[in-house]
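# Structural overview
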Amino acid sequence: MKDIRINLLPKKKKRLIDKLLYFGLHYFRYIIVITQIAVISVFFFRFYIDQQIIDYKEAFSQKQQILSITFPLIAEAEELSIKTKHIRELIDSQNKYVEILSYIFTNIPADMTISSFEWGEDKIYIKGQSITSGSVQSMKARLTQSKRFKEIVIENVIRNIDSQFDFSIIVTI
C-alpha cells in the first residue's frame with residue numbers, strides 16, 4: 001500500500017515579503033547573472049570599439065605624416081613640371097628658328113656669300129654679295145615659293161667695285 005500523508009495544519013497565507021523573498025532567492029539571481037553577462041559583454045565591446053578608434057587615429061596620423069613628408073616633394077615636382085614646360089616651349093621656339101635658318105641657308109645660291117645676318121622680332125635682315133643679280137632674284141623666288149614667310153623684300157642691289165652685287169633682303173616671318 002501506499003503511504004499517504006495528510007497534513008492537518010492549515011496552510012499559511014503567504015505575505016508579500018515572503019513572496020518577494022522567494023522571488024529574490026529563486027529568480028532574481030538569474031536576472032543578476034544575465035545583467036552581469038550583458039554588462040561584461042558591453043564592457044568588452046567597448047574595449048573592442050576603443051581599440052578600433054585608436055587604430056583609426058594611428059592610421060590617420062600616419063597618413064598625415066606621409067602627406068606632410070610628400071607635400072614638399074609634390075610642390076617640387078610641380079615646380080619641375082612648370083620648368084620642364086617652359087624649357088619645352090623654349091626648345092620648340094629655338095627649333096622653329098633653327099628650321100627657318102636652315103631653310104634660308106639651304107636656299108642661298110652657290111655664287112652668293114652672306115656677310116651679315118640679323119634676326120629681329122619678326123624680321124630677318126640678310127646682307128651679302130653675289131656674282132650676279134639673278135642669284136638674288138632666284139633666292140627671293142625660292143623663299144617666296146615656300147610660303148613660310150609673310151613677305152620677302154629685296155631692299156637694294158648695288159654693283160660694287162669688284163663687279164659683284166651687294167644686296168640686302170628683309171624677310172618677314
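The structure displayed is predicted, hence computed values, not measured ones.

Calculation rules
Residues numbered from 1 in each chain as written. Predicted model: local features only at pLDDT ≥ 70, side-chain atom pairs only at ≥ 80, totals over all residues. Heavy atoms only, no water. Buried < 20%, exposed > 50% of the residue type's maximum accessible area, 1.4 Å probe, protein only. Helix = DSSP H or I, 4+ residues; strand = E, 2+ residues; numbered from the N terminus. Pairing = 2+ DSSP bridges. Core = buried A, V, L, I, M, F, W, Y, C linked by side-chain atoms within 4.5 Å. Patch = residues over 30% accessible without salt bridge, like charges linked within 9 Å, V, L, I, M, F, W, Y side chains within 5 Å. Areas by Shrake-Rupley, 256 points an atom, 1.4 Å probe, with all protein chains shown as cover. Salt bridge = Lys/Arg side-chain N within 4 Å of Asp/Glu carboxyl O. Phe/Tyr/Trp six-rings, centres within 6.5 Å; stacked < 30°, edge-to-face > 60°. Lys NZ or Arg CZ within 6 Å of the ring centre and 35° of its normal. Contact = heavy atoms within 4.5 Å.

The two faces of strand β2 (residues 123–130) differ: I124, I126, G128 and S130 on one face are buried, but K123, Y125, K127 and Q129 on the other face are not. Pairing analysis gives 7 bridges linking strand β1 (residues 112–119) to β2, with the strands arranged antiparallel. In the strand pairing of β2, S116 is matched with K127. Linking β1 back to β2 in an antiparallel pair, the connection comprises 3 residues.

Let us look at the nonpolar core. Formed by 16 residues in total, the largest nonpolar core has its most connected members in I104, I126, M139, L143, F149, I169 and V171. Of all the secondary structure elements, the ones that give two or more residues to this core are α1 (16–106), β2, α2 (133–146) and β4 (165–172).

Let us look at a nonpolar patch on the surface. There is a patch of nonpolar side chains on the surface, built from Y22, F23, Y27, F28, Y30, I31, I32 and I34 and spanning about 820 Å² of accessible area. Structurally, the position occupied by Y27 is in helix α1. Given a relative accessible area of 45%, Y27 falls into the partly exposed group.

Attention now moves to unusual backbone geometry. With phi around 60 degrees, K147 is a residue other than glycine that occupies positive phi space. Tracing the sequence through the fold places K147 in the loop between α2 and β3 (151–159). On the basis of relative accessible area, K147 is assigned to the exposed category, the value being 73%.

This model, assessed by the stated rule, comprises 7 aromatic pairs. Ring geometry for F45 and Y48: centres 6.4 Å apart, planes at 35 degrees, overall tilted. Of this pair, F45 and Y48 both sit in helix α1, 3 residues apart, roughly one helical turn. Ring geometry for F105 and F117: centres 5.1 Å apart, planes at 35 degrees, overall tilted. Taken together, the residues span a long stretch of sequence, with F105 in helix α1 and F117 in strand β1 at a distance of 12 residues. Three or more aromatic residues link up through ring pairs in this structure, and these residues are F43, F44 and F47. It is K14 that lies over the ring of Y22; its NZ or CZ is 5.8 Å from the centre. Above the plane of the ring of Y30 lies R29, whose end atom (NZ or CZ) is 5.4 Å from the centre.

So, about the side chain of S130. Its place among the elements puts S130 in strand β2. Given the relative accessible area of 1%, S130 is considered buried. Sequence-distant contacts of S130, defined by excluding residues within four places in its chain, comprise D111, M112, S135, V136, Q164, F165 and F167.

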